[in-house]
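Chain by chain, the residues run as shown.
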Amino acid sequence: MSRTIHSLLAEPFHRFVSRDPQETREWGQQFARHLVAGDVVCLYGELGAGKTCLTQGIVAGLGVGARVPVRSPSFTFVREYRGRERILHWDLYRLRSSEEVEELGWRESFDGNAIVLIEWADRVSSLLPQRRWDITLTMISENIRHLEARRFQAAP
Ligand SMILES: Nc1ncnc2c1ncn2[C@@H]1O[C@H](COP(=O)(O)OP(=O)(O)OP(=O)(O)O)[C@@H](O)[C@H]1O
Ligand SMILES: [Mg+2]
């Protein structure tokens, strides 16, 4: 596990096959070690693919205690956690228009003071920063998920 995750530092592309929710959380926990304030992680995948499960791992990896519940902020769109960094967790599933997030502090999320995790990031693809991670989760069977992480740098 840690050897494959270390290649994340060098490689802009990474694949992982998870066999149960715990493996997805553990992968997220390892992945989180490489995140710093200002990083943005966009999560893609159908309902039940494991975006929140992965978010739970990342948030735990950022030092948020297990007693803090990490669940989708469906009605408020965004939740905040405090770990070794400030963490903003967006879930845009119910978003109707991009104006809705603009009013909720969307732009300020990217001021470099927080690690930003975004479920259903495809709802606002035109509003995403260029420099970010995209992680796509694909359901293969009841318990198998493919994770594909890709890092994008800002255009020169
Ligand atoms: N390998 C796996 N990784 C992650 N979740 C898994 C895995 N196998 C089974 N599951 C189950 O799939 C479900 C994933 O739910 P989760 O809420 O994380 O999905 P989601 O992508 O956030 O969905 P939504 O779009 O509704 O927010 C959970 O019930 C979890 O137990
Ligand atoms: Mg979710």
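Residues numbered from 1 in each chain as written. Chains lettered and ligands numbered in written order. Predicted model: local features only at pLDDT ≥ 70, side-chain atom pairs only at ≥ 80, totals over all residues.

(A) Fine view of the nonpolar core. Residues Leu117 and Ile135 are the most contacted members of the largest nonpolar core, which totals 35 residues. Mapped onto this core, the elements with two or more residues apiece are α2 (21-32), β2 (40-44), α3 (51-61), β4 (86-91), β5 (115-119), β6 (132-139) and β7 (145-152). For this core, the leading source of residues is α3, giving five residues. The residues touching Leu117, leaving out its near neighbours within four places in the chain, are Val41, Leu43, Thr55, Ile58, Ile87, His89 and Trp90. (Core = buried A, V, L, I, M, F, W, Y, C linked by C-beta atoms within 7 Å. Buried ≥ 20, exposed ≤ 12 C-beta atoms within 10 Å, placed from the backbone. Helix = DSSP H or I, 4+ residues; strand = E, 2+ residues; numbered from the N terminus. Contact = placed C-beta atoms within 7 Å.)

(B) Representation of the site of ligand 1 in the model. Around ligand 1, 19 residues are found, and the nearest of them are Thr24, Gly50, Lys51, Thr52 and Cys53. Put simply, the parts of the chain that give the shell around ligand 1 at least two residues each are α2 and α3. (Near = placed C-beta within 6 Å.)

(C) Representation of the packing of α2 against α3. Contact pair α2 / α3: the axes reach a minimum separation of 7 Å and the direction vectors enclose 40 degrees. When the interaxial angle is binned, α2 and α3 end up oblique. Crossing angle aside, the handedness with which α2 passes α3 is right-handed. On the side of α2, the interface is formed by Pro21, Thr24, Arg25, Glu26, Trp27, Gly28, Gln29, Gln30, Phe31 and Ala32, while α3 contributes Cys53, Leu54, Gln56, Gly57, Ile58, Ala60 and Gly61. For the contact of α2 with α3, the class distribution of residues is eight nonpolar, seven polar and two charged. (Axes fitted to C-alpha atoms, helices over the stretch in contact; angles between N-to-C directions. Parallel < 35°, antiparallel > 145°, perpendicular 65-115°, else oblique. Left-handed = near helix turned anticlockwise from the far one by under 90°. Nonpolar A, V, L, I, M, F, W, Y, C, P; charged D, E, K, R; others polar.)

(D) Just the sheet that holds strand β1 (residues 13-18), in detail. Spatially, seven strands are ordered β1-β7-β6-β2-β5-β4-β3 in an open sheet, and the strand pairing comes out mixed. Where the open sheet ends on each side, the last strands, each with one partner, are β1 and β3 (78-82). Going from strand to strand, the sheet's axes swing by 15 degrees on average, the running direction of each strand aside. Where β3 lies against β4, five bridges are found, and the strand directions are antiparallel. Note that in β4 the partner of Val78 across the bridge is Trp90. Seen against the sheet, α2 touches β1 and β7 and runs at an angle of roughly 155 degrees to β1. Seen against the sheet, α3 touches β2, β3, β4, β5 and β6 and runs at an angle of roughly 165 degrees to β5. (Pairing = 2+ DSSP bridges.)

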